[in-house]
Amino acid sequence: MGTRPSLIVSYIRTMPTLPNCYYVALHLQDKFGGVILYNNDHVIIKIGKLYYDKKGLYLKDTSRFLTMDMYGNNHIKNLL
């Protein structure tokens, strides 16, 4: 059985204000698993069938996001 979305959103809200959506995605991945995705200016995480960002559930179009390992990891330094 998967993790309830309300539990994940509650966890996000208890985090201290983090300066970067990549750090939030890393914390969520560490706690709940999931796949981190990125585009040119944002990072989200897919946990189960739902997407999350540093504000909670991410309900916008995700078709332009790539997985972090799509083209290697050289882009991670740009996200930090």
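Coordinates for the structure precede this section.
K.L.:
Provide a residue-level description of the overall build of the protein chain, including the pertinent values.
P.N.:
Within the protein chain, the secondary structure is distributed over three helices and five strands. Helices (α) and strands (β) of the protein chain occur, in sequence order from the N terminus, as α-α-β-β-β-β-β-α. When burial is assessed residue by residue, the protein chain has 36% of its 80 residues classed as buried. In the protein chain, the share of contacts with a sequence separation of at least 24, taken over all contacts with a separation of at least 6, comes to 43%. Approximately 5600 Å² of the protein chain is accessible, and the part contributed by carbon and sulfur atoms is 52%.

K.L.:
Describe the sheet that holds strand E3 (residues 50-53), and please don't skip the residues or the numbers.
P.N.:
Across the sheet, which stays open at both edges, the five strands sit in the order E4-E3-E2-E1-E5 with antiparallel pairing between neighbours. Since the sheet does not close on itself, it has two edges, and those belong to strand E4 (56-57) and strand E5 (66-67), each with one partner. Where strand E1 (residues 35-38) and strand E2 (residues 43-47) come together, four bridges link them in antiparallel fashion. Residue pairing for E2: leucine 37 is matched across the bridge by isoleucine 44. Packed onto the sheet, helix H2 (residues 21-32) meets E1, E2 and E3 and runs at close to 15° relative to E2.

K.L.:
Outline the environment of serine 10, listing residues and values.
P.N.:
Inspection of the secondary structure assignment puts serine 10 in helix H1 (residues 5-14). Since its relative accessible area comes to 41%, serine 10 is described here as partly exposed. Sequence-wise, serine 10 and glycine 56 are 46 residues apart; in three dimensions their C-alpha atoms are separated by 8.4 Å.

K.L.:
Go over the packing of aromatic side chains, please, and point to the residues and values.
P.N.:
Two descriptors summarise a pair of aromatic rings, namely the distance from one centre to the other and the angle between the planes of the rings. Applying the stated criterion across every chain, the model contains three aromatic pairs. Ring centres 6.5 Å apart and planes at 50° place the aromatic pair tyrosine 22 and tyrosine 23 in the tilted group. Look at tyrosine 58 and phenylalanine 65: their rings are 5.8 Å apart centre to centre, the planes differ by 80°, and that puts the pair in the edge-to-face class. Assessed through its relative accessible area of 13%, tyrosine 58 is described here as buried. Here phenylalanine 65 falls in the buried class, since its relative accessible area comes to 8%.

Conventions adopted
- Residues numbered from 1 in each chain as written.
- Predicted model: local features only at pLDDT ≥ 70, side-chain atom pairs only at ≥ 80, totals over all residues.
- Heavy atoms only, no water.
- Helix = DSSP H or I, 4+ residues; strand = E, 2+ residues; numbered from the N terminus.
- Buried < 20%, exposed > 50% of the residue type's maximum accessible area, 1.4 Å probe, protein only.
- Contact = heavy atoms within 4.5 Å.
- Areas by Shrake-Rupley, 256 points an atom, 1.4 Å probe, with all protein chains shown as cover.
- Pairing = 2+ DSSP bridges.
- Axes fitted to C-alpha atoms, helices over the stretch in contact; angles between N-to-C directions.
- Phe/Tyr/Trp six-rings, centres within 6.5 Å; stacked < 30°, edge-to-face > 60°.

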